[in-house]
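# Coordinates in review
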Amino acid sequence: MKPSSNYPELLGTDHIEFYVGNARQAAHYYQAAFGFQPLAYAGPETGVKGSVSYALRQGKIIFVFTTALRTSSPIADHVFLHGDGVRVLALLVDDAKKAWQQTTRNGAKNYIEPSLLQDDSGSAMLSGIHLYGETVHVFVERKNYHGVFLPGFVPWKPVYRPGDAGLLVVDHCVGNVGWNRMNHWVQFYESVMGFTNILSFDDIDISTEYSALMSKVMANGNGYIKFPINEPAEGKKKSQVEEFLEFYCGEGVQHIAMATKDIIETVSTLQKQGVEFLKVPDTYYAELQQRIGVIDEDMSALKELGILIDRDDEGYLLQIFTKPVEDRPTLFFEIIQRKGAKSFGKGNFKALFEAIEKEQALRGNL
Ligand code: FE2
């Protein structure tokens, strides 16, 4: 491994930008269903040509929804090919020029050369590199910026302002890559970004009876940023990753896990607001007590909401997965509450994948 000065020092996730068919409606959905709060707007009125973006925030999570105003646009091309999906995983850095120099020197493909953006509220340096599929990492240096989000954005203050749902931070973002491409991207995170592989799941962990996949979790030095990478595996049934690749027309972000301090409260709110979650069979809870032991939460409330529980050496975690949030069976979200556990809910894979398969079968894709 190269000395750490060869790798960018990442301070956290800055924001996640989605390219969508209709940013105004997407923004409304994430406000109304997920409880995101309006933050900033950019468009022709603010000097941005050809596209419109809405930034929303909840806790430290910032989502940006961007749409093209005209047909001839790389944003429109992205939406045509992939449907609504994640384009940018933006990472906060102290020095975006240095992060770009380090990563491109380590072999990353340039997406944006270091560029200084400025407005009345200061300046921000942005740079970027290509990732799997058409996904990119953008490095954001904002220490000299005091505006609401980034240069070019103005405060967005709609009248409609539902409350938040207790979502706090991005816990991890999972990428689905093609057959035999997982190790390529594992190596990318190792050699370009200086990440390490903290966990691996092979197709035996993720039983071949179920929609098989393999997964490796890559994490940065401080452990704040985790990017698991999945690839499909041969199984008796069609892999859920394969279904994603088919409908997304390539590799991309499969799910974003967002952490809460009170999963019962958060999931109750989200369900009331129309977010749909995967349901595991009731038998899941019958076998649970033995596997999990004593926990702080009321088991009947967890069962009622369909929240899953798993334990590792360091503690336990509570998690639940939404159904895909667009018509294509592509991006979905995970809501997670960690109580010591640093793992990803391996004990839930079987029940979860059965639930995913049931949905896949309903779509005729199994
Ligand atoms: Fe996850």
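Just so we're clear, the structure is a prediction, and the values are computed from it rather than from any experiment. Residue numbering note: each chain is counted from 1, following its sequence as written. In keeping with the model being predicted, local features are shown solely for residues with a pLDDT of at least 70 and side-chain atom pairs are shown and tallied solely at 80 or more, while totals for entire chains, interfaces and linings include all residues. Hydrogens are left out, water is left out, and the side-chain values use all remaining heavy atoms of the structure.

With that out of the way, let us pick up the domain arrangement of the protein chain. Here the protein chain is partitioned into domain 1 (4-155) and domain 2 (167-363). Each of domain 1 and domain 2 has a C-alpha centre, and the two are 25 Å apart. Of the roughly 3100 Å² buried at the junction of domain 1 and domain 2 (both faces included), carbon and sulfur atoms supply 68%. A side-chain nitrogen of Lys or Arg and a carboxyl oxygen of Asp or Glu constitute a salt bridge if their distance falls within 4 Å. Counting every contact that joins domain 1 to domain 2 gives zero salt bridges. N or O atoms within 3.5 Å of each other form a polar contact, as long as, within protein, one can give a hydrogen and the other can take it, and as long as residues adjacent in sequence are counted only when both atoms are side-chain atoms. Connecting domain 1 to domain 2 are 15 residue pairs in polar contact (both at pLDDT 80 or more). Where the side of domain 1 that touches domain 2 is concerned, the elements lending two or more residues are β1 (10-19), α1 (23-32), β4 (61-68), α2 (74-82), β5 (85-93), β7 (122-130) and β8 (136-141). By definition, any uninterrupted DSSP run of H or I lasting at least four residues is a helix, any uninterrupted run of E lasting at least two residues is a strand, and each is numbered from the N terminus. It is β1 that provides the largest number of residues to the side of domain 1 that touches domain 2, a total of six residues. Ten residues, namely Ala, Val, Leu, Ile, Met, Phe, Trp, Tyr, Cys and Pro, are considered nonpolar, four, namely Asp, Glu, Lys and Arg, are considered charged, and the remaining ones, Gly among them, are considered polar. A per-class count over the side of domain 1 that touches domain 2 returns 25 nonpolar, 16 polar and three charged. Per the annotation, domain bounds derive from an automatic or database assignment of domains. Here the quantity called buried area is the total loss of accessible area, with a 1.4 Å probe, experienced by two parts when brought into contact, counted for both.

Glancing now at the pairing of strand β3 (residues 51-58). Burial analysis of β3 places seven of its eight residues in the buried class, the great majority of the element. Note: two strands are recorded as paired if DSSP finds a minimum of 2 bridges between them. Pairing geometry for strand β2 (residues 37-42) and β3, over five bridges, is antiparallel. Each residue of the ladder has a partner; that of A42, found in β3, is S53. When β3 meets β4, the two strands line up antiparallel, connected through eight bridges. Residue pairing in the sheet places R57 in a bridge with I62 of β4. Counted between consecutive antiparallel strands, the loop separating β3 from β4 contains two residues, among which G59 sits at a positive phi close to 60°. Per-residue accessibility, obtained with a 1.4 Å probe over protein chains only, is compared with the maximum for each type, and a residue is labelled buried under 20%, exposed over 50%, and partly exposed between these values.

A word on the nonpolar core. In summary, soluble globular proteins display a tendency toward joint burial of nonpolar side chains. F34 and I256 are the most contacted members of the largest nonpolar core, which totals 92 residues. Shared between two domains, this core takes at least three residues from each, and those domains are domain 1 (4-155) and domain 2 (167-363). By definition, residues are in contact when any of their heavy atoms lie within 4.5 Å. In this structure, F34 is in contact with Y29, Q58, A165, L167, M258, L270, Q273, V275, T322, V325 and F333, ignoring residues within four places of it in sequence. What we call a nonpolar core is a set of buried Ala, Val, Leu, Ile, Met, Phe, Trp, Tyr and Cys residues that are connected through their side-chain atoms within 4.5 Å. Core analysis: the next-biggest nonpolar cluster, separate from the first, contains 17 residues, A40, L126, Y145 and F149 among them.

A separate point is empty space enclosed by the protein. Cavities and pockets are found on a 1 Å grid laid over the protein atoms alone: a cavity is a set of points where a 1.4 Å probe fits but cannot escape, a pocket is an open set with protein on both sides within 12 Å along at least five of seven lines, and a lining residue has an atom within 4 Å of such a point. Grid points are joined across faces, edges and corners, and a volume is the space filled by probe spheres set on the points. Applying the stated criterion across every chain, the model contains three cavities of 30 Å³ or more. For the largest cavity, the calculated volume is near 250 Å³. N230, Q254, H255, F349 and F353 are the residues nearest the centre of the largest cavity, which is lined by 22 residues in total. Broken down by secondary-structure element, the contributors of at least two residues to the lining of the largest cavity are β10 (167-176), β12 (213-219), β13 (226-232), β14 (252-260), β16 (315-321), β17 (332-339) and α10 (349-362). Sort the elements by how many residues they give to the lining of the largest cavity and α10 lands first, with four residues. Tallied by class, the residues present in the lining of the largest cavity amount to 14 nonpolar, seven polar and one charged. By volume, the second largest cavity amounts to about 170 Å³.

Between the rings of Phe, Tyr and Trp (Trp by its six-membered ring), a pair exists once the centres lie within 6.5 Å; its type follows the angle of the planes, with under 30 degrees stacked, over 60 edge-to-face, and the other angles tilted. Summed over all chains, the structure comprises 28 aromatic pairs. Aromatic pair Y30 and F34: ring centres 5.4 Å apart, planes at 20°, arrangement stacked. On the basis of relative accessibility, which here comes to 6%, the residue Y30 falls in the buried class. Take F34: its relative accessible area is 0%, and that puts it in the buried class. When the centroid spacing of 5.4 Å and the interplanar angle of 10° are considered together, the rings of F349 and F353 count as stacked. Here F353 and F349 lie together in helix α10, a separation of four residues that amounts to about one turn. Across the pair, exposure class does not vary: F349 and F353 are buried alike.

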